[in-house]
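# Per-entry structural report
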Amino acid sequence: MGKRFIFLAMSFLLFLSVQNKALAEKKEERSWKDETIYFIMIDRFHNGDKKNDFDVDPTDPSAYHGGDFKGITKKLDYLKDLGVTAIWMTPVVKNEERGYHGYWTEDFYETEEHFGTEEELKKLVQKAHDRDIKVIVDLVVNHTGYIHAWQNNTEKKDWFHPKQEITNWDDQQNVENGWLAGLPDLNTENPETRKYLLDMAEYWIKETNIDGYRLDTVKHVPKDFWVEFSERVKNVKSDFYLIGEVWHNDPRYISEYNKAGIQSFVDYPLFNEMVRVFRQSGQSLSELHSVWERNKYYYDDPYMLGNFIDNHDNIRFVREVLLKQEDPEKRLKMALTYLYTAPGIPILYQGTEHMVDGGKDPDNRRMMAFNQNKKIETFTAKLGSLRQKHPALRRGDFTMIKDEGAKGVFKRTYKGETLYIVFNNDKKAVNIAFQDKAFKGHKLVDLMNQNEERADGNKVEFQIKGETALIFLLQKHSNKPFLYGAIGAGILLVILLISFFFRKSKS
Ligand SMILES: [Ca+2]
Ligand SMILES: [Ca+2]
């Protein structure tokens, strides 16, 4: 009997928890704007298979270093613990010699032999999906590698634009049809070439079940190609994600590609501002908010943009800080806090979570060392989990409620949840005070350090250390007098009942 009862009770509890989970999922359908992306350069991440290390030389920064699909598969749990919900990998296709980065295609339909087989790629995608991690693959359709065989094939002579370097970067025609850094420029106006590339994009989605493409060199390919491209891939998978690299400083120029069906972009204008504001103390934070105001105006959905402080084409954030002779740990923590709490999808480039330094390419592509900096890794994981836990950080509106010198306070609200992100971008500790009508009857809970700040009426004031960022959640005061009153009344009732029964039994 007892066992049976326990079994029934357990089953009922399990049923309740499943119901709750289903309800929670129904309440908020996951969208791409809820993801946290981790950017992997396959060759430089983790060597999981020595058998494909053909001409590997870790001492030569321009040679293959041995990373592969198996290596990524082995590190999926590391990524999960870091709070990552999607990975973006550099191109997977076969490259010509020394194309360790993946951007020099030799064969669009084969995987790079250093990275592994198509089966191993499929397995990686499947194992990622098992952990609820989505997979985005980098795709290049603008050019091939330098010595691609089609150049000597008379049947393919119209597959490239005439050999001519890009010389005038203000001339869109030249940017689209010229050769970028000497790379043979594919003629996407040729229907045959176009069909080949569109079929290829479809092929990899169907074969490997990936969830998105990071599109390389978007501005070097005509917009009408992207219109057709977006339609094709979304026909294969309706929720297929496209994040384009339009390397430009003007959101007006970048957002033009929204109309071509690309819903997301790596946000270069924000990247520039984040680096400028956080690499050196004393900078005002107001320009960060201005970028957001512009984004709201220009993009279809600015929450879909991908934010980053590091990538494989620019010198590392840590190097930027060192060049200014500032403290990399303090500076990086502030930049990461902004990256994870501002609107948009955070994209963490491998190594940033270990405070990796690096100059120009290829120095910014050093082999990943997983035990380099546990402290920043833990800090990043904490930010990752806060972002998942608090929808206001992913979907909330974003206002700057304090902008005073190097002090800044941002407010984010979503469906009754409110967070404040407080920055002291100066070296010295300062007092910071800010007001909000929402404070009444509330306290501010410091989510990174578990401290509390009590609001006094509409105002809160406290000291904040130099070069520090804090994340506060607005929380109701637990109504203690009422609680004590209720407990007191309960106890009194019990005493009365006991004495009542006592007297009754006596009589
Ligand atoms: Ca290998
Ligand atoms: Ca082109």
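Predicted, not measured: the structure shown is a model, and the values here were computed from it. (Residues numbered from 1 in each chain as written. Chains lettered and ligands numbered in written order. Predicted model: local features only at pLDDT ≥ 70, side-chain atom pairs only at ≥ 80, totals over all residues. Heavy atoms only, no water.)

## So, the coordination of the calcium ion (ligand 1)
Asn 47 (OD1), Asp 49 (O), Asn 52 (OD1), Asp 53 (OD), Gly 66 (O) and Asp 68 (OD) make up the full set of protein donors to the calcium ion (ligand 1), lying at 2.3 to 2.5 Å. Every donor counted, the six donor atoms about the calcium ion (ligand 1) form angles of 67 to 171° at the centre, which fits irregular coordination. Ordering the donors of the calcium ion (ligand 1) by residue number gives the pattern N-x1-D-x2-N-D-x12-G-x1-D. Accessibility expressed as a relative area gives 5% for Asn 52, which makes it buried. (Donors = N, O, S within 2.8 Å, 3.2 Å for Na, K, Ca; no water. Tetrahedral: all angles 85-135°; square planar, octahedral: opposite > 155°, others 65-115°. Buried < 20%, exposed > 50% of the residue type's maximum accessible area, 1.4 Å probe, protein only.)

## Looking at the pairing of strand β7 (residues 241-244)
Put simply, side chains in a regular strand alternate between the two faces of the sheet. Of the two faces of β7, the one carrying Tyr 241 and Ile 243 and the one carrying Leu 242 and Gly 244 are both buried. Both strand β6 (residues 212-215) and β7 contribute to a ladder of four bridges, which runs parallel. Within the sheet, the bridge partner assigned to Tyr 213 lies in β7 and is Leu 242. In this fold, β6 hands off to helix α7 (residues 223-236), which returns the chain to β7; that crossover is right-handed. Pairing between β7 and strand β8 (residues 264-265): two bridges, direction parallel. (Helix = DSSP H or I, 4+ residues; strand = E, 2+ residues; numbered from the N terminus. Pairing = 2+ DSSP bridges. Right-handed = clockwise from strand over helix to strand, strands pointing away.)

## Description of helix α10 (residues 286-298)
Owing to its 3.6 residues per turn, the α-helix brings residues three or four apart onto one side. Here α10 contains 13 residues, and its C-alpha end-to-end distance of 19 Å stays within 8% of the 18 Å for a straight helix at 1.5 Å per residue. Of all the positions in α10, only Leu 288, His 289, Val 291, Trp 292 and Asn 295 are classed as buried. Taken down its axis, α10 places every buried residue within 150° of arc, on the same side. (Expected span 1.5 Å × (residues − 1). Arc of directions from axis to C-beta.)

## Overview of the nonpolar core
Generally speaking, soluble globular proteins have nonpolar side chains that are buried together. If you look at the biggest cluster of nonpolar residues, it comprises 119 residues, and the most contacted ones within it are Tyr 38, Tyr 213, Trp 226, Phe 229 and Phe 278. Composition of this core by domain shows at least three residues from each of domain 1 (29-394) and domain 2 (398-478). Counting residues in each nonpolar core, the second largest holds 15 residues, with Val 422, Leu 444, Ile 464 and Leu 470 among its members. (Core = buried A, V, L, I, M, F, W, Y, C linked by side-chain atoms within 4.5 Å. Domains from an automatic or database assignment.)

Interpretation in functional terms is not warranted from these geometric data alone.
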